[in-house]
Amino acid sequence: MAVRARIWGCRGSLPTPGARTVRYGGNTACVEVAAGVGRLVLDAGTGIKALGATLSAEEPIHVLLTHLHLDHVEGLRFFAPLWDPRCELHVWGPPSPLFPLRERIARAFSPPLFPLELTDSPAHVTFHDVPREPWELGEITIAAQPVSHPGPTLGFRLEAGGRALAYIPDHEPVLGLELGALEPEWISGYALAAGADLLLHDCQLTEAEYPTRVGWGHSSVAHAVALAQRAEVGRLVLFHHDPDRGDDEVELLGARARELWGGGRGEPPLAAYEGMTIEL
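Since the model is a prediction, treat every value here as computed from it, not as a measurement.

Describing the overall build of the protein
Right, on to step 1. Check the secondary structure of the protein and you find six helices and 14 strands.
Right, on to step 2. If you line up the protein on its principal axes, its C-alpha atoms span 50 × 40 × 35 Å.
Right, on to step 3. With 280 residues in all, the protein has 52% of them scored as buried.
Right, on to step 4. Within the protein, contacts between residues at least 6 apart in sequence are counted, and of these 67% link residues at least 24 apart.

Okay, here's the thing in structure tokens:
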């Protein structure tokens, strides 16, 4: 059984439409995953708006949120299935000991931030706390673990048909340390990425930028490559591009990743772009 991932948004922090982001795209995080029957969506950044126009209301839709920072949920308000009374929509997110997931997401729907309340949605919407143990959605087995990023943040690992996709879009695997000097259990996200056929991973920072941004919860290109090589992934795709980085600069970051990769195992790294489709 084939597993196919399509990227609808790969920008970090805020949408960046314009002439400088035409090739890689300016929409924030959203990835569609298809494996057998049904649709699964990773994050609900602005990229989910265009995705929503392509989805059928005849099958359940599951949206998995890594965390609730605005760039990962801001597209949900404009997601067509949310406003379709025929649609069965499931939204999964990191648990909180203080407030239910529905209540936390509803903040983005309330005036004056948005003219409609979440309760105005006519769709059949169910909110789920992501469980601690792996679970199944159709033919996909999903595992989630907390990763290093400000606020409750998850990374996901999806497995189907003997293939594995790891999705860790906002992530700082080590805090100012050398990743290669640490044992795997001390590296955030390692267990999710280990042996994955595809790793979509944060690469918001250059090596020169990282020392002034330690603790911000994002990776340098060197950290992304080091984690991918340490975890022996089949292919690394650089994700969560900085909003100030234009297409030419993203290309340079991709080239730097391939330089660091050298003759490493697996396919050379690529920078994610809107419309990119990868079949495992």
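From this point, the discussion proceeds with the structure in view.
Things to note about the layout of surface pockets
Right, on to step 1. Within this model, the largest pocket holds a volume of roughly 340 Å³.
Right, on to step 2. What lines the largest pocket is a set of 16 residues, among which Leu-68, His-69, Arg-104, Ile-105 and Arg-107 lie closest to the centre.
Right, on to step 3. At the level of secondary structure, the elements contributing two or more residues to the lining of the largest pocket comprise α2 (70-73) and α3 (101-106).
Right, on to step 4. Grouping the constituent residues of the lining of the largest pocket by class yields 10 nonpolar, four polar and two charged.
Right, on to step 5. Approximately 270 Å³ is the volume found for the second largest pocket.
Right, on to step 6. Residue lining of the second largest pocket: Pro-94, Pro-95, Val-130, Pro-131, Arg-132, Ala-144, Gln-145, Pro-146, Val-147, Pro-152, Thr-153 and Leu-154, and that is the complete set.
Right, on to step 7. Considering each element in turn, the lining of the second largest pocket owes the most residues, three residues, to strand β8 (residues 140-146).
Right, on to step 8. Along the lines of polarity and charge, the residues of the lining of the second largest pocket split into nine nonpolar, two polar and one charged.

Overview of the nonpolar core
Right, on to step 1. Leu-42 and Phe-156 are the most contacted members of the largest nonpolar core, which has 32 residues in total.
Right, on to step 2. With four residues, strand β9 (residues 154-160) is the largest single contributor of residues to this core.
Right, on to step 3. In terms of nonpolar packing, the next biggest core, distinct from the first, is built from 25 residues, Trp-8, Leu-101, Leu-118 and Phe-127 among them.

Overview of the packing of aromatic side chains
Right, on to step 1. Inspection of the entire model under this criterion finds four aromatic pairs.
Right, on to step 2. Measuring from ring centre to ring centre gives 5.7 Å for Phe-109 and Phe-114, while their planes differ by 80°; the resulting arrangement is edge-to-face.
Right, on to step 3. Among the residues examined, Phe-109 registers a relative accessible area of 1% and is labelled buried.
Right, on to step 4. Note on Phe-114: relative accessible area 9%, which makes it buried.
Right, on to step 5. Ring-pair connections join several aromatic residues into one group, and the members of that group are Phe-78, Phe-109 and Phe-114.
Right, on to step 6. The ring of Trp-8 carries Arg-6 above its face, with NZ or CZ at 4.1 Å from the centroid.

Let's talk about helix α5 (residues 221-230)
What sets the pattern is the α-helix's 3.6 residues per turn: residues three or four places apart point alike.
Right, on to step 1. Listed as buried for α5 are Val-221, His-223, Ala-224, Val-225, Leu-227 and Ala-228.
Right, on to step 2. Next to the buried residues of α5 lie α4 (190-193), β11 (198-202), β12 (235-239) and α6 (247-261).

Let's talk about the pattern of salt bridges
Any two side chains of opposite charge can pair, given that their charged atoms come close.
Right, on to step 1. One pass over the full model with this rule turns up 11 salt bridges.
Right, on to step 2. For Glu-159, the salt bridge goes to Arg-157, with nearest N and O atoms at 2.7 Å.
Right, on to step 3. Of the residues examined, Glu-159 reaches a relative accessible area of 35% and is grouped as partly exposed.
Right, on to step 4. The residue Arg-256 makes a salt bridge to Glu-207 at a minimum N-O spacing of 2.7 Å. Note that Arg-256 is positioned in helix α6 and Glu-207 in the loop between β11 and α5, a separation of 49 residues in sequence.
Right, on to step 5. Note on Glu-207: relative accessible area 33%, which makes it partly exposed.
Right, on to step 6. Salt bridges sharing common partners tie together Arg-23, Asp-248 and Glu-251.

Analysis parameters
Residues numbered from 1 in each chain as written. Predicted model: local features only at pLDDT ≥ 70, side-chain atom pairs only at ≥ 80, totals over all residues. Heavy atoms only, no water. Helix = DSSP H or I, 4+ residues; strand = E, 2+ residues; numbered from the N terminus. Buried < 20%, exposed > 50% of the residue type's maximum accessible area, 1.4 Å probe, protein only. Contact = heavy atoms within 4.5 Å. 1 Å grid on protein atoms, 1.4 Å probe; cavity = no way out; pocket = protein on both sides within 12 Å on 5 of 7 lines; lining within 4 Å. Points joined across faces, edges and corners; volume = space filled by probe spheres on them. Nonpolar A, V, L, I, M, F, W, Y, C, P; charged D, E, K, R; others polar. Core = buried A, V, L, I, M, F, W, Y, C linked by side-chain atoms within 4.5 Å. Phe/Tyr/Trp six-rings, centres within 6.5 Å; stacked < 30°, edge-to-face > 60°. Lys NZ or Arg CZ within 6 Å of the ring centre and 35° of its normal. Salt bridge = Lys/Arg side-chain N within 4 Å of Asp/Glu carboxyl O.

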